[in-house]
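Each chain is listed here by its residues.
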Amino acid sequence: MNSGEFSGTDVSQSDLHAMAYTDSLTGLGNSHRLRDKVRQLTLERADDPAPFAVGIVNLDGFKPINDLFGSQAGDEILCQVAHRLKACIPDGATVTRHGGDEFAFLFPLVFERKGAEKVAQMLREVLSAPFDLGDRNVRLSASFGLAIHPFAGEDFAELIKSADTALYRSKRRGRGQVTVYSQEIAQEMKRATHLEQALRDAITADQIDVHFQPIVNLKNDLVVGFEALARWCDADLGYVSPAAFVPLAEERGFIDALSEVLLRKAAEAALSWPKELFLSFNLSSAQLVDPKTSLTTLAILNRAGLDPRRLELEITETAVMTDAMTAQKIVGELRAAGVRVSLDDFGTGQSSLGRLRDFTFDKVKIDRAFVSRISDDRVSEHIIKAIVAMCDGLHLEVVAEGIEDFSEALKLKALGCGMGQGYFYGKPADAVATMRFLTERYLRVEPEAAFA
Ligand code: C2E
Ligand code: CA
Ligand code: CA
């Protein structure tokens, strides 16, 4: 800003101007300030362009701390973060706060990926030291996303968008990660955008299907329920795995629309099954941070006419961890309506036994990674044995996932595992094939009891 712009009588206006460019909590500049700085730098270098870097940092797990210790403690941490960043950024760099627990940077002298990584890693270290809250110390990690001008964007908006994309990658890889927007990410984004459009079209055209995989009681091999698994076969793209398109729908913000279609179809199919069979449905992590999830889920069941007591929802620990309070509330409301909740992929990711104590689950699904190694790996066998014993003690049901052959089934039975699922008992199949499977394998046994 040109200092001669305001006359002496315009002090209040210049105060206002300063306020509009300042983050009131930390005293750092805000996003308007960073935008101006970036503009200014691009103008200065117009004749002799040299790359520079823009970055975003986001604290990992800040929200739970804010919820747990109160917003005053949260504000205190944010001020300490601001202070540290300001003290440690390289000469000539700018740090600003863009609301919440997000801060951003301009590094005029960082030209390339290695340099960007290095400065982010240094700042990550600086933020990893405990924050002093008077009566307690709190540790937080931080995730970084960086973008280099002009490759990752010509102007501020584009650069921030690229840095944000890089940050999202960091978050997806875990805590405390640093990502610089690269050629590969740009290409991946292009592919993802193409995939997103195709997926949105497929939802509208009702081309997303649900398949069902049997879950059996390992004592007598009888089917007790089915897990619903999303299926999409696109005319151009061919078969696309739900492990790819579900996270994409989450990332691009339309998981609700996708999940609604899936649950409606699954619930409608389950209506034709014998009443004692349950439907197990996967909730995505994004749905566990959305307080509307319990209401929408129950409304879909209600419209379809499926008793909530026949529904189980599979959730993962990673999903629970993002925002434990909201997740707890959603699960509480659903359980109050009779829906049961299973902990999916147990033993992978950020496993914490504390979760089983603090959170109310009805069932634990042991991840396929342990089951597939059970035949030739004593360690996996011991782990499964321990999980089964623990679940017995906690009155939780146990399902072993990914049973592929007879010997695995035998071992799991011997270990006292209650339920099983996997190709050995049945591959996921569409609604029609599932009905056929039931008529042949289930209804044939006890047709009257089944429909009682
Ligand atoms: P998941 O929830 O762990 O689902 C189990 C996956 O293991 C499924 O893969 C299933 O087809 C596969 N599977 C089952 N038995 C066996 C076996 O014996 N051997 C092997 N190798 N694999 C087996 P799928 O259908 O590709 O789904 C992948 C993931 O996508 C799921 O993992 C789940 O996280 C997600 N997903 C699928 N459908 C939905 C959905 O409707 N909503 C949400 N939010 N996520 C879904
Ligand atoms: Ca699952
Ligand atoms: Ca699983």
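Residues numbered from 1 in each chain as written. Chains lettered and ligands numbered in written order. Predicted model: local features only at pLDDT ≥ 70, side-chain atom pairs only at ≥ 80, totals over all residues. Heavy atoms only, no water.

In this section: the coordination of the calcium ion (ligand 2). In this structure, Glu227 (OE), Asn282 (OD1), Glu314 (OE) and Asp344 (OD) serve as the protein donors to the calcium ion (ligand 2), at separations of 2.1 to 2.4 Å. Read N to C, the donor residues that coordinate the calcium ion (ligand 2) are spaced as E-x54-N-x31-E-x29-D. The metal-metal distance between the calcium ion (ligand 2) and the calcium ion (ligand 3) is 3.7 Å, with Asp344 coordinating both. Linking Glu314 in strand β12 (residues 311–315) with Asp344 in strand β13 (residues 340–346), this pair joins segments that are 30 residues apart in sequence. With respect to burial, Glu314 and Asp344 carry one shared label: buried. (Donors = N, O, S within 2.8 Å, 3.2 Å for Na, K, Ca; no water. Helix = DSSP H or I, 4+ residues; strand = E, 2+ residues; numbered from the N terminus. Buried < 20%, exposed > 50% of the residue type's maximum accessible area, 1.4 Å probe, protein only.)

Bound to the calcium ion (ligand 3) are the protein donor atoms Asp344 (OD), Asp345 (OD), Glu401 (OE) and Glu401 (OE), situated 2.2 to 2.6 Å from the metal. The sequence pattern formed by the donor residues of the calcium ion (ligand 3) is D-D-x55-E.

This part takes up the UniProt feature "domain: GGDEF" (unreviewed entry) in the chain. Per the UniProt record, "domain: GGDEF" (unreviewed entry) is annotated on residues 50–183. Regarding residues 50–183, the helix share stands at 46% and the strand share at 25%, and the terminal C-alpha atoms are separated by 19 Å. (UniProt positions renumbered as here; feature names shortened; annotations may be inferred.)

Turning our attention to the site of ligand 1. Taken together, 22 residues surround ligand 1, and among them Gln213, Ala230, Arg231, Glu404 and Tyr423 come closest. Side-chain polar atom of Glu227 to an oxygen atom of ligand 1: 3.3 Å apart, as the coordinates give it. Ranked by residue count, the leading element in the shell around ligand 1 is strand β9 (residues 222–234), at four residues. Looking at the shell around ligand 1 residue by residue, the classes come out as 10 nonpolar, five polar and seven charged. (Near = heavy atom within 4 Å. Polar contact = N/O pair within 3.5 Å; in protein donor to acceptor, adjacent residues only side chain to side chain. Nonpolar A, V, L, I, M, F, W, Y, C, P; charged D, E, K, R; others polar.)

This brings us to the side chain of Lys265. Looking at the element boundaries, Lys265 is found in helix α9 (residues 255–270). Aside from chain neighbours lying at most four places away, what touches Lys265 is Asp206, Ile208, Asp209 and Val210. (Contact = heavy atoms within 4.5 Å.)

What follows deals with the pairing of strand β15 (residues 397–400). Alignment of strand β14 (residues 363–366) against β15, held across four bridges, turns out to be parallel. Pairing of Ile366 across the sheet is with Ala400, part of β15. Two strands pair when backbone bridges link them, and β15 and strand β16 (residues 419–421) are joined in this way by two bridges, in the parallel orientation. For Ala400, the partnering residue across the bridge sits in β16 and is Gly420. (Pairing = 2+ DSSP bridges.)

Inspection of every chain in the model, using the stated rule, returns 27 salt bridges. The closest approach of N and O atoms between Arg113 and Glu117, which form a salt bridge, is 3.5 Å. Within this pair, Arg113 and its partner Glu117 are both found in helix α5 (residues 113–128), separated by four residues, close to a single helical turn. Residue Glu117 is classed as partly exposed on the basis of its relative accessible area of 21%. Through salt bridges with shared partners, a single ionic network connects Arg169, Arg172, Glu188 and Glu251. (Salt bridge = Lys/Arg side-chain N within 4 Å of Asp/Glu carboxyl O.)

What follows is about the domain arrangement of the chain. The assigned domain composition of the chain is domain 1 (13–181) and domain 2 (194–440). Where domain 1 abuts domain 2, roughly 540 Å² becomes buried across the two surfaces, and 47% of that area is made up of carbon and sulfur atoms. Connecting domain 1 to domain 2 are three salt bridges. Close ionic contact of Glu251 with Arg169 constitutes a salt bridge, the shortest N to O distance being 3.9 Å. Where domain 1 touches domain 2, the interface holds two residue pairs in polar contact (both at pLDDT 80 or more). (Domains from an automatic or database assignment. Buried area = accessible area lost by both parts, 1.4 Å probe.)

Here the focus is the environment of Ala202. Within the element layout of this structure, Ala202 appears in helix α7 (residues 183–204). By relative accessible area, which is 1% here, Ala202 ends up buried. A sequence separation of 30 residues divides Ala202 from Trp232, and the C-alpha atoms of the two residues are 8.2 Å apart. Sequence-distant contacts of Ala202, that is, excluding residues within four places in its chain, are made with Gln207, Ile208 and Trp232.

Before going further, it helps to examine helix α16 (residues 406–414). Within α16 the residues assigned to the buried category are Glu408, Ala409 and Leu412. Taken around the axis of α16, the buried residues stretch over an arc of 100°, which confines them to a single face. In α16, those exposed residues whose orientation departs by more than 90 degrees from the buried face are Phe406 and Ala414. Buried residues in α16 make contact with α14 (368–371), α15 (378–393) and β15. In the stretch just after α16, Gly416 is the one whose phi turns positive, near 85°. (Arc of directions from axis to C-beta.)

Inspection of every chain in the model, using the stated rule, returns 10 aromatic pairs. Both rings, one in Phe359 and one in Phe361, keep their centres 5.2 Å apart while their planes meet at 25°; by these two values the pair is stacked. Of the two residues, Phe359 and Phe361, neither departs from the other in class, the shared state being buried. Feature note: the residues Phe212, Phe226, Trp273 and Phe437 constitute an aromatic cluster, connected by ring pairs. In this arrangement the basic side chain of Arg84 is found over the ring face of Phe131, its NZ or CZ atom lying 3.9 Å from the centre. One cation-aromatic arrangement involves Arg136 over Phe69; the distance from NZ or CZ to the ring centre is 4.1 Å. (Phe/Tyr/Trp six-rings, centres within 6.5 Å; stacked < 30°, edge-to-face > 60°. Lys NZ or Arg CZ within 6 Å of the ring centre and 35° of its normal.)

Let's shift gears to the state of the cysteines. Using the criterion set out here, one finds zero disulfides in the structure. Of all cysteine sulfurs in the structure, the one in Cys417 sits closest to Cys391, which takes part in no disulfide; the separation is 8.7 Å. (Disulfide = S-S within 2.5 Å.)

Bringing the sheet that holds strand β2 (residues 94–97) into the picture now. The strands that make up a sheet pair up through hydrogen bonds in the backbone, lying either parallel or antiparallel. Here we have five strands laid out as an open sheet, ordered β2-β3-β1-β6-β7, and mixed in their pairing. Among the strands making up the open sheet, the edge pair consists of β2 and β7 (178–180). Taken over all neighbouring pairs, the strand axes of this sheet differ in orientation by 20° on average, direction set aside. Strand direction decides the pairing type here: strand β1 (residues 52–59) and strand β3 (residues 102–107), joined by six bridges, are antiparallel. Residue pairing for β3: Gly55 is matched across the bridge by Phe105. (Axes fitted to C-alpha atoms, helices over the stretch in contact; angles between N-to-C directions.)

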